[in-house]
Amino acid sequence: MQTILKKTTGTLFALALLSASPAIAQMQHGAGHGGGHGAAPGAGAAPGERHGDLIRESTVEGYALAYHLIDNAAQMQAAGVEMKGHDMSQMKSHHLMVYLAAPGGTPAAGARVGYLVRGPGGSEQKTMAAFMDGGYGADLELKTPGTYEITTRAVDGGKNLVDTFAYEVR
């Protein structure tokens, strides 16, 4: 039951970000995560616009992967979004999006994507990403400073794609 509650809280949080006011689209995300800047998911974004800080781009078997990271607490605070009646202690610190394009540039909208994150001190998180705003996103806990090893597994049709990289939280 607690697992269902955690997943429901995470889903409600993601939906709150997706339905947050268009003012979020004007915000810049704080430094320390590297890469470019963007808006929170669904915040009046144009179709094809990517959200969060670009932290990595890679190519796996001809597929282009672009990773964007959103600091959940910073986005919620800056937007003035309140989650009344919800246990915010269950909220994960970040939302990781991967935008996946098949060879030729066509978005891979029918893929299944999951993350395995190994953090400082041996912590481990496994989660499936949900398709949203043209990418695949999931909430992750990245509060502890140190290096995180992020492995993404995507299955698109008959292709099994795996991408692993290190991300440092300061």
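Residues numbered from 1 in each chain as written. Predicted model: local features only at pLDDT ≥ 70, side-chain atom pairs only at ≥ 80, totals over all residues. Heavy atoms only, no water.

### Overview of the pattern of salt bridges
The tally for this structure, following the rule as stated, stands at four salt bridges. With a closest N to O distance of 2.9 Å, aspartate 163 and arginine 56 form a salt bridge. Residue aspartate 163 is found in strand 8 (residues 159–169), and its partner arginine 56 is found in strand 1 (residues 53–60); the two are separated by 107 residues along the sequence. Arginine 118 is the partner of glutamate 124 in a salt bridge, and the nearest nitrogen-oxygen pair spans 3.2 Å. For glutamate 124, a relative accessible area of 44% translates into the label partly exposed. On the basis of relative accessible area, arginine 118 is assigned to the partly exposed category, the value being 38%. Taken together, the shared-partner salt bridges connect Arg118, Glu124 and Glu149 into one network. (Salt bridge = Lys/Arg side-chain N within 4 Å of Asp/Glu carboxyl O. Helix = DSSP H or I, 4+ residues; strand = E, 2+ residues; numbered from the N terminus. Buried < 20%, exposed > 50% of the residue type's maximum accessible area, 1.4 Å probe, protein only.)

### Looking at the pairing of strand 3 (residues 94–101)
When you tally the buried positions in strand 3, you get eight out of eight residues, the bulk of the element. Neither face of strand 3 is exposed, since His94, Leu96, Val98 and Leu100 on one face and His95, Met97, Tyr99 and Ala101 on the opposite face are all buried. Relative to strand 3, strand 2 (residues 63–71) runs antiparallel, the two sharing eight bridges. Looking at strand 3, one finds that alanine 64 is bridged to alanine 101. Relative to strand 6 (residues 135–140), strand 3 runs antiparallel, the two being bridged by five bridges. Bridge assignment links histidine 95 to a residue of strand 6, and that residue is aspartate 139. (Pairing = 2+ DSSP bridges.)

### Re the packing of aromatic side chains
Counting across every chain of the model gives two aromatic pairs. Both rings, one in tyrosine 67 and one in phenylalanine 165, keep their centres 4.7 Å apart while their planes meet at 55°; by these two values the pair is tilted. Remark: phenylalanine 165 occurs in strand 8 and tyrosine 67 occurs in strand 2; sequence separation between them is 98 residues. According to the relative accessible area criterion, tyrosine 67 is buried, its value standing at 0%. Judged by relative accessible area, which is 7%, phenylalanine 165 ranks as buried. (Phe/Tyr/Trp six-rings, centres within 6.5 Å; stacked < 30°, edge-to-face > 60°.)

### Here's the deal with the confidence of the model for the chain
Predicted coordinates in areas of low pLDDT are best not read in detail. The predicted model of the chain has a mean per-residue pLDDT of 77, with 67% of residues at 70 or higher. The lowest-confidence element of the chain is helix 1 (residues 2–19), averaging 43 in pLDDT; the highest-confidence one is strand 4 (residues 112–118), averaging 98. Confidence drops under pLDDT 50 across residues 1–45; counting only partners more than four residues distant or on other chains, this segment forms 75 contacts. (pLDDT = per-residue confidence, 0-100. Contact = heavy atoms within 4.5 Å.)

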